[in-house]
2 protein chains.
Amino acid sequence: MRHRYTLVLSAMRLIRPSNRRHLTSIASPDSEFISYMNNKAKSINKALDDSVPLCNNSVPLWEPVLEVREAMRYTLLSGGKRVRPMLCLVASELVGGQESTAMPAACAVEMIHASSLILDDLPCMDDDSLRRGKPTNHIVFGEKTSILAANALMSLAVEQTLASTSLGVPAERVLRAVQEMARAVGTEGLVAGQAADLAGEKMSFENEDEGLRYLEFIHIHKTAVLVEAAAVVGAIMGGGSDEEIERLKSYARCVGLMFQVVDDVLDETKSSEELGKTAGKDLITGKLTYPKVMGVENAREYAKRLNREAQEHLQGFDSDKVVPLLSLADYIVKRQN
Amino acid sequence: MRHRYTLVLSAMRLIRPSNRRHLTSIASPDSEFISYMNNKAKSINKALDDSVPLCNNSVPLWEPVLEVREAMRYTLLSGGKRVRPMLCLVASELVGGQESTAMPAACAVEMIHASSLILDDLPCMDDDSLRRGKPTNHIVFGEKTSILAANALMSLAVEQTLASTSLGVPAERVLRAVQEMARAVGTEGLVAGQAADLAGEKMSFENEDEGLRYLEFIHIHKTAVLVEAAAVVGAIMGGGSDEEIERLKSYARCVGLMFQVVDDVLDETKSSEELGKTAGKDLITGKLTYPKVMGVENAREYAKRLNREAQEHLQGFDSDKVVPLLSLADYIVKRQN
């Protein structure tokens, strides 16, 4: 991975050696970055695959438990973009950490994400039947197994991260990392975001400003908090200073929000086939979205502004090591599905 | 609490000072023990109440988030027997710990239990409408809020326990405690038990022995593992030795299994009114139960045997300090609802 990383950096330097910080915004080396991302994603997928075995120390599982493991694997290994674990690994490396010691935490963040996707798709929540181009978890395994799998992914995330102590990560760091993850899940994180999102269509606001505050609340909690946690957890595991952790947190909050703004725009402008999930659904269900509140063009502009802000928060870090984070933000703002 | 505890011990000494270890089986000081339990339960209920506030640092919550907090409180504060947190506190004190430092972990164990109850009662799981004499969580708050509340309780459990470091508990102990809790939730704990339980009626077994192994698997995972974790986590937080932790774990496994055997017997022999939940339901739904596999009388005998075994595992501990654990086991085997 290190070798591949150096190659990408060299390729990027060739394009605009004088100002690498803004390189990706000006002449984006998409294919190199995507190849770098794909390689990182491969390590992540391998680690995720290993983390949910279909037996316990070669002992076969009872059929119903096996089914839960299969349901966990189904969503966890269904080829997401791996933005969160990637962010976790890159943040760790940026502050001097190793990929191997940050990997369990990176996987844990993806498990939390997968768990939240399973729950979001349930009939009593968003009632979605398509995700990443495939039938959703509850369609394949049934509601009860889905809910159990979501729960098990959440606890496995905690177990995985705690086990990092066996890789030599000090207990205090591990503890702080798990604390960040737990906070990102509950009523100050994903749960709050999803609750607010589901109730959004029934809410009435005194004025437009309050509506926008509510929309921002949804997306900060539903998306940005976990993206933030991914970067923060990576920086903690890598041994970053409090200041480094804070800067990465601010960067990640912008990226997280931007991710959601782009998602909303794509939902309104793309077909289901292009997206791999039910398109235009937010529009039909009357959900609050950025395009609905500010119009498609303004939402696109907002995403670009968030990208610039994200990049500004990275000032002060090593200009070479920071390239993947700049490219990641750029990739998100330009993505088409 | 310490004072009250001493009073109970003195009362017990008066009854049979020569053999306190078997005192509770012979001349059970029910009212003293129940008063001791009620006092412990009061501290626990106060701590649980404080742990799920209805605002964040005096900032009001958006209505949908407030509703999730209310749903969390509804089940968490609905007057359970508090067997698990009590076990946690008593185990901690037995190995020399303080009630105050074990309290967050004790609350965490109860949060995990409450979370699992909310999920178990869902329409796609056991579809129960009555629990502890009140409508179940999903009946009051709806499925989606229920599921979110269950999730939030799980992550709050982790947060709470991790925050014990601020009370001076060493990070290594806290990490180990959270690891025990996480393991008790996933596919080696509650999730496995619930999955096996839900599928039980559809399973076919090659022989009676296999059926009994399956039933044992359900109850070890659905009940005993968390009861075990409660004792183990208490002993860890209290600074117990590995040997002490092991003995308390064996005691708690017997108590956990016994709890379930008694539950099955009560379900078959009591009315809904007496139980505060739908009685005879296991019989109607064709679920595997101990009375169904071995008959009511044998199941009662089995519970008594488990009680004796549980008490044996406590040999070697201070004979005064161990009295609450002996009484707790006795209380469980004799309970009527």
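Residues numbered from 1 in each chain as written. Chains lettered and ligands numbered in written order. Predicted model: local features only at pLDDT ≥ 70, side-chain atom pairs only at ≥ 80, totals over all residues. Heavy atoms only, no water.

When helices and strands are counted, chain A shows 17 helices and four strands. For chain A, the proportion of its 337 residues judged to be buried stands at 60%. Sequence separation of at least 24 residues holds for 74% of the intrachain contacts in chain A that already meet a minimum separation of 6. Approximately 13,000 Å² of chain A is accessible, and the part contributed by carbon and sulfur atoms is 50%. (Helix = DSSP H or I, 4+ residues; strand = E, 2+ residues; numbered from the N terminus. Buried < 20%, exposed > 50% of the residue type's maximum accessible area, 1.4 Å probe, protein only. Contact = heavy atoms within 4.5 Å. Areas by Shrake-Rupley, 256 points an atom, 1.4 Å probe, with all protein chains shown as cover.)

It is worth spelling out the packing of helix 12 (residues 242-269) of chain A against helix 16 (residues 296-312) of chain A at this point. Residues and elements named next belong to chain A. Where helix 12 contacts helix 16, the axes come no closer than 9 Å and their chain directions differ by 160 degrees. As far as their axial angle goes, helix 16 and helix 12 are roughly antiparallel. Relative to helix 16, helix 12 is oriented so that their crossing is left-handed. Across the interface between the two elements, Tyr-251, Cys-254, Val-255, Leu-257, Met-258, Val-261, Val-262, Val-265, Glu-268 and Thr-269 of helix 12 pack against Val-296, Ala-299, Arg-300, Tyr-302, Ala-303, Leu-306, Asn-307, Glu-309 and Ala-310 of helix 16. (Axes fitted to C-alpha atoms, helices over the stretch in contact; angles between N-to-C directions. Parallel < 35°, antiparallel > 145°, perpendicular 65-115°, else oblique. Left-handed = near helix turned anticlockwise from the far one by under 90°.)

The next thing to look at is unusual backbone geometry. A positive phi angle is found at Asp-127 of chain A, which is not glycine, with a value near 50 degrees. By relative accessible area, Asp-127 of chain A is classed as partly exposed at 46%.

Between the two copies of the chain lies a rotation about an axis combined with a shift along it. Between chain A and chain B, which share one sequence, the superposing operator has a rotation angle of 180 degrees and an axial displacement of 0.0 Å; the RMSD is 0.0 Å. What the superposition gives is, in effect, a two-fold axis relating one chain to the other. The rotation axis passes nearest to the C-alpha of Ala-171 of chain A in chain A, at a distance of 3.0 Å. Here 100% of the contact residues of chain A are again contact residues in chain B; the copies associate through an equivalent surface. (Least-squares fit on C-alpha atoms with pLDDT ≥ 70 in both.)

What follows covers the packing of helix 5 (residues 83-94) of chain B against helix 12 (residues 242-269) of chain B. Residues and elements named next belong to chain B. Packing of helix 5 against helix 12 brings their axes to within 12 Å, and their N-to-C directions diverge by 160 degrees. In terms of axis orientation, helix 5 runs roughly antiparallel to helix 12. As helix 5 runs across helix 12, the sense of the crossing is right-handed. Facing helix 5, whose interface residues are Val-83, Arg-84, Leu-87, Ala-91 and Leu-94, helix 12 presents Leu-248, Tyr-251, Ala-252 and Phe-259. Residue classes in the contact of helix 5 with helix 12 are distributed as eight nonpolar, no polar and one charged. (Nonpolar A, V, L, I, M, F, W, Y, C, P; charged D, E, K, R; others polar.)

The partner chain B presents 50 residues to the 50 residues of chain A that form the contact. In total, chain A and chain B occlude about 4,400 Å² of area from one another, counting both sides; carbon and sulfur atoms represent 74% of this. The interface formed by chain A and chain B includes zero salt bridges. Joining chain A to chain B, the criterion identifies four residue pairs in polar contact (both at pLDDT 80 or more). Partitioning the side of chain A that touches chain B into residue classes produces 32 nonpolar, eight polar and 10 charged. (Buried area = accessible area lost by both parts, 1.4 Å probe. Salt bridge = Lys/Arg side-chain N within 4 Å of Asp/Glu carboxyl O. Polar contact = N/O pair within 3.5 Å; in protein donor to acceptor, adjacent residues only side chain to side chain.)

Right, let's talk about the confidence of the model for chain A for a bit. Chain-level pLDDT for chain A is 86 on average; 86% of the residues reach the 70-or-more range. Confidence over residues 1-27 of chain A falls short of pLDDT 50; this stretch has 48 contacts with residues more than four positions distant or in other chains. (pLDDT = per-residue confidence, 0-100.)

Residues and elements named next belong to chain A. Taken as a whole, this structure holds zero disulfides over all chains when the rule is applied. Cysteine Cys-88 shares no disulfide, and the gap to the nearest cysteine sulfur, in Cys-107, comes to 8.9 Å. The class of Cys-88 is buried, set by a relative accessible area of 0%. (Disulfide = S-S within 2.5 Å.)

Position of Asp-264 of chain B among the secondary structure elements: in helix 12. A distance of 3.0 Å separates a polar side-chain atom of Asp-264 of chain B from the backbone nitrogen of Tyr-290 of chain B.

Residues and elements named next belong to chain B. Enumeration according to the criterion identifies 32 salt bridges over all chains in this entry. One salt bridge in this structure joins Lys-304 and Glu-301, with 3.8 Å as the shortest N-O distance. Taken together, the residues span about one helical turn, with Lys-304 and Glu-301 both in helix 16 (residues 296-312) at a distance of three residues. Classification of Lys-304 as partly exposed rests on a relative accessible area of 44%.

In this section: the packing of aromatic side chains. Applying the stated criterion across every chain, the model contains 16 aromatic pairs over all chains. Between Tyr-214 of chain A and Trp-62 of chain B the ring centres are 4.7 Å apart and the planes differ by 80 degrees, which places this aromatic pair in the edge-to-face class. Separated into two different chains, Tyr-214 of chain A in helix 11 (residues 208-237) and Trp-62 of chain B in the loop between strand 2 (59-60) and helix 4 (63-76) make up a pair that spans both. Neither residue differs from the other here; Tyr-214 of chain A and Trp-62 of chain B are each classed as buried. Residues Tyr-290 of chain B and Tyr-302 of chain B carry aromatic rings whose centres are separated by 5.8 Å and whose planes lie at 45 degrees to one another, so their mutual orientation is tilted. (Phe/Tyr/Trp six-rings, centres within 6.5 Å; stacked < 30°, edge-to-face > 60°.)

What follows concerns the nonpolar core. If you look at the biggest cluster of nonpolar residues, it comprises 207 residues, and the most contacted ones within it are Leu-87, Leu-248 and Tyr-251 of chain A together with Leu-87, Leu-248, Tyr-251 and Met-258 of chain B. Those residues in contact with Leu-248 of chain B that lie beyond four places of it in its chain are Ala-91, Leu-94, Val-95, Ala-231, Ala-235, Leu-314, Phe-317 and Leu-325 of chain B. (Core = buried A, V, L, I, M, F, W, Y, C linked by side-chain atoms within 4.5 Å.)

This part takes up helix 9 (residues 171-185) of chain B. Here helix 9 of chain B contains 15 residues, and its C-alpha end-to-end distance of 21 Å stays within 8% of the 21 Å for a straight helix at 1.5 Å per residue. Most of helix 9 of chain B sits out of view: 11 of its 15 residues are buried. Taken as a whole, helix 9 of chain B has its buried residues at Ala-171, Val-174, Leu-175, Ala-177, Val-178, Gln-179, Glu-180, Met-181, Ala-182, Ala-184 and Val-185 of chain B. Residues of helix 9 of chain B that are buried in the fold lie against helix 8 (143-162) and helix 9 (171-185) of chain A together with helix 6 (99-120), helix 8 (143-162), helix 10 (190-199) and helix 11 (208-237) of chain B. (Expected span 1.5 Å × (residues − 1).)

We now examine the side chain of Lys-222 of chain A. Residues and elements named next belong to chain A. Here Lys-222 lies in helix 11. Owing to a relative accessible area of 18%, Lys-222 belongs among the buried residues under this scheme. Within polar-contact distance, the side chain of Lys-222 engages the side chain of Gln-194 at 2.8 Å. Side chain to side chain, Lys-222 and Asp-197 meet in a polar contact 2.6 Å long.

As for its placement among the helices and strands, Val-178 of chain B is situated in helix 9. A relative accessible area of 1% places Val-178 of chain B in the buried class. Not counting residues up to four positions away in its chain, the partners in contact with Val-178 of chain B are Val-158 and Leu-162 of chain A together with Val-158, Thr-161 and Leu-162 of chain B.

Residues and elements named next belong to chain B. Here Arg-247 is to be found in helix 12. Residues Arg-247 and Ala-310, spaced 63 residues apart in sequence, show a C-alpha to C-alpha distance of 9.5 Å. Setting aside residues up to four positions removed in sequence, Arg-247 forms contacts with His-313, Gln-315, Gly-316 and Phe-317.

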